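The lines below spell out each chain.
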Amino acid sequence: MAGTIIGSGMTIEGEITSDEEVVVVGTVRGKLHVDAGVTIETGAVVEADVAAASLSIGGTMTGNASASDRVDLLSGGRLVGDVKAARLTIADGASFKGNVDMDV
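In short, a report on the structure. (Residues numbered from 1 in each chain as written. Predicted model: local features only at pLDDT ≥ 70, side-chain atom pairs only at ≥ 80, totals over all residues. Heavy atoms only, no water.)

1. Overview of the overall build of the protein chain
- Within the protein chain, the regular secondary structure consists of 0 helices and 12 strands.
- Mapped from its N terminus to its C terminus, the protein chain presents α and β elements in the order β-β-β-β-β-β-β-β-β-β-β-β.
- Rg of the C-alpha trace for the protein chain: 12 Å, near the compact-globule value of 13 Å for 104 residues, within the 12% margin.
- In terms of overall dimensions, the protein chain has C-alpha extents of about 30 × 25 × 25 Å along its principal axes.
- A total of 104 residues make up the protein chain; the buried ones form 37% of that total.
- The long-range share in the protein chain, meaning contacts at least 24 apart out of those at least 6 apart in sequence, stands at 0%.
- Distance between charge centroids for the protein chain: 7 Å, based on 7 positive and 15 negative side chains. (Helix = DSSP H or I, 4+ residues; strand = E, 2+ residues; numbered from the N terminus. Rg over C-alpha atoms; globule rule 2.2 N^0.38 Å. Buried < 20%, exposed > 50% of the residue type's maximum accessible area, 1.4 Å probe, protein only. Contact = heavy atoms within 4.5 Å. Lys, Arg positive; Asp, Glu negative; His and termini not counted. Charge placed at Lys NZ, Arg CZ, Asp CG, Glu CD.)

See the structure below:
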C-alpha cells in the first residue's frame, strides 16, 4: 500500500524525506530520501538523486539512484544517472545511461 503519492498534477521541488513508501505520478526535482520503496510511475518525471530501500522506475528519472536492496528499470522507463544497488534489473524496452556499482 502506498504511503505517499505525488499526484499527476503536482510538481515538488526541494528535498523530500519519508519513512513510508513514495509513489511519484507527477514531477519531483531535488532530492528524495525514503526509508522504504520508491515507485516512479509511467509518465512521471524525477529530476533528483534518489536514495531508497528499493526503486522501481517506469517513468523518466535523471539523477543518481541508490538503493539498499534493488533498482528495477521497467519497460518504457528511462534512467540517466549512476546506480548503486545490490541488484539491478533492466526490462526489455527500458533505457539506461550511466554507471552501475553493485558493491553494496
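Back to the write-up after that little detour.
2. Comments concerning the side chain of serine 18
- Along the chain, the position of serine 18 falls in strand S2 (residues 11-18).
- Separated by 3.0 Å, the side chain of serine 18 and the backbone nitrogen of glutamate 20 make a polar contact. (Polar contact = N/O pair within 3.5 Å; in protein donor to acceptor, adjacent residues only side chain to side chain.)

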